[in-house]
Amino acid sequence: MVDMIIEPKIRGFICTTAHPDGCELHVQKQIDYVKSKPSLEDAPKCVLVVGASTGYGLASRIVAAFGGKASTIGIFFEREGSERKPASAGWYNSVVFEAAAEKEGLYAKSFNGDAFSNEIKREVIATIQKDLGQVDMIVYSLASPRRVDPVTGQIYKSVLKPTKSQFTDKNLNTDKKEIESVTIESATEEEIAQTIKVMGGEDWKMWIEALSEAGVLADNFQTVAYSYIGPKITWEIYTDGTIGHAKLDLEKTAQELNNQFGSGKAVISINKALVTQASSAIPVVPLYISILYKVMKSKGLHEKCVEQIYRLFADHLCSTDGSQFDEKGRIRIDNWEMREDVQAEVVRIWKEITTETIDELADFAGYQKEFYNLFGFDFPEIDYNKDTAPIRPIPSLLR
Ligand code: NAD
């Protein structure tokens, strides 16, 4: 097998390489965090995570497995490594997750393919029938730029645009570390509709219905999907933008699922803004997150995906003393981000910040480090000058 030196290759808001040893450390740190916390009581036993290899979905799989000793099935869309090119970060993350789960005697199987397709749904259901019988928790954590409709074959693409009017605001050019102005044209009706098709609730519902029809949903099952609201300064691009329309559709789907399967079965969790592969693609958000990190760290409130999701499970999904819902029935683990004192500080900095004051007023260094960490880079513990093996098999994909 060929070993190679793997360096970060940044293309705009994405890193096209990933470091397997760094990804291993990144996942191990999340597992260690969960194991340092009290284990979850009344935790789900058989958990399906759709979008399980990075960000909030990976954190959900880690919390369910290492916090609640759950058997997990994870679905994701990742690139395998070759002798010439490293795998994607989510691939390496899943290698590490499975190895760690096996060490603890925990069942873990993974599917690398298109979660929107009927084939994957059929394969996953057959595996549940064979290995687990039923699932009692389904975490829906997909973030995708496109979807092939499994019925018509039509391809839909999501866009990140405002919907009310053309939008101009401050933006952080993360390559140049400069605050610049960005202008984005308003989306067309067609673009809004396509974004809803990709990031709305249709596929979530298809999953739950397919699992139900196959008889693999436990009577006490629960399903959760993730959303974001954020403060007014991001609304034009997020909450009132194309993605916000898709998230409204997701909320509507939760209602429909509750009407169909019983109240409280489907919940929406509103999560904190964090650096992930999906969020770094949204204009304005990197600047907002850099400022937010500065403020939340100074108040001792900063959390990453795994801390957020541990709190979601411990205080809400597995809690018997009653989850705190907002007026629309949503779980709010963004409550610390949305605290009045936090947001007042963020808005003050937002108005003031310039290229010259980025380091003083925002935590761009923290933003960048977390971004690099997503791909296994910028960990002082790893020697990046050493050759490493890019080809790493995911154990369950071999069986
Ligand atoms: P992410 O990019 O880290 O993860 C996306 C996951 O989806 C990966 O596992 C990827 O492999 C998988 N995926 C993408 N397309 C797929 C396909 N066709 N088939 C199978 N798997 C596929 O994203 P994230 O930021 O963790 O986002 C997850 C959810 O959390 C999204 O709904 C997002 O809107 C929501 N959310 C994110 C934030 C944030 O700040 N990052 C905040 C609140 C809510």
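Higher on the page you've got the structure.
For clarity, every value in this text was computed on a predicted model and none was experimentally measured.

Draft legend 1. Spotlight on the site of the ligand. The environment of the ligand is formed by 30 residues, the closest being Ser53, Tyr56, Ala115, Lys247 and Thr276. Within the backbone of Tyr56, a nitrogen or oxygen atom sits 2.8 Å from an oxygen atom of the ligand. The side chain of Glu78 places a nitrogen or oxygen atom 2.9 Å from an oxygen atom of the ligand. If the ligand stood free it would expose 840 Å²; the protein chains cover 93% of that surface. Counting only elements with at least two residues in the shell around the ligand, the list comes to α2 (55-68) and β11 (217-227). Here the shell around the ligand is composed, by residue class, of 14 nonpolar, twelve polar and four charged.

Draft legend 2. Broad picture of helix α4 (residues 118-132). A rise of 1.5 Å per residue sets the reference length of α4, with its 15 residues, at 21 Å; its end C-alpha atoms lie 20 Å apart and thus fit the reference within 8%. Within α4, burial applies to Ile120, Lys121, Val124, Ile125, Thr127, Ile128 and Leu132. In an axial view of α4, the angular spread of the buried residues amounts to 160°, which keeps them on one side of the axis. What points out from α4, more than 90 degrees from its buried face, is the exposed set Arg122 and Lys130. Along its buried surface, α4 packs onto β3 (46-50), β4 (71-76), β5 (108-112), β6 (135-140) and α6 (202-213). With a side-chain oxygen positioned 3.3 Å from the backbone nitrogen of Ile120, the residue opening α4 is Ser117.

Draft legend 3. Up close: the state of the cysteines. Scanning the model with the defined rule gives zero disulfides in all. Not part of a disulfide, Cys15 finds its nearest cysteine sulfur in Cys23, a span of 9.4 Å. Here Cys46 stays free of any disulfide, with the sulfur of Cys318 as its closest cysteine sulfur at 14 Å.

Draft legend 4. Representation of the pairing of β4. Extensive coverage of β4 is indicated by the burial of six of its six residues. A two-sided burial pattern is seen for β4, the buried positions comprising Ser71, Ile73 and Ile75 on one face and Thr72, Gly74 and Phe76 on the other. Judged from the five bridges that link them, β3 and β4 form a sheet pairing that is parallel. Bridging from a neighbouring strand, Leu48 pairs with Ile73 of β4. Sheet topology places β4 next to β5; five bridges connect them, and they run parallel. Directly across from Ile75, in β5, lies its bridge partner Phe111. Note on the crossover from β4 through helix α3 (residues 89-103) to β5: the handedness is right-handed.

Draft legend 5. Spotlight on the layout of surface pockets. When its volume is computed, the second largest pocket comes out at roughly 320 Å³. In terms of lining residues, the second largest pocket is bounded by 19 residues, among which Gly12, Phe13, Leu172, Thr174 and Asp175 are the most central. Secondary-structure elements contributing two or more residues to the lining of the second largest pocket are β9 (167-173) and α12 (364-374). Broken down by element, the residue count for the lining of the second largest pocket peaks at four residues, all from α12. Its residues assigned to classes, the lining of the second largest pocket shows eleven nonpolar, six polar and two charged.

The rules behind the values
- Residues numbered from 1 in each chain as written.
- Predicted model: local features only at pLDDT ≥ 70, side-chain atom pairs only at ≥ 80, totals over all residues.
- Heavy atoms only, no water.
- Near = heavy atom within 4 Å.
- Polar contact = N/O pair within 3.5 Å; in protein donor to acceptor, adjacent residues only side chain to side chain.
- Areas by Shrake-Rupley, 256 points an atom, 1.4 Å probe, with all protein chains shown as cover.
- Helix = DSSP H or I, 4+ residues; strand = E, 2+ residues; numbered from the N terminus.
- Nonpolar A, V, L, I, M, F, W, Y, C, P; charged D, E, K, R; others polar.
- Expected span 1.5 Å × (residues − 1).
- Buried < 20%, exposed > 50% of the residue type's maximum accessible area, 1.4 Å probe, protein only.
- Arc of directions from axis to C-beta.
- Contact = heavy atoms within 4.5 Å.
- Disulfide = S-S within 2.5 Å.
- Pairing = 2+ DSSP bridges.
- Right-handed = clockwise from strand over helix to strand, strands pointing away.
- 1 Å grid on protein atoms, 1.4 Å probe; cavity = no way out; pocket = protein on both sides within 12 Å on 5 of 7 lines; lining within 4 Å.
- Points joined across faces, edges and corners; volume = space filled by probe spheres on them.

What is shown is where atoms sit, not what they do.
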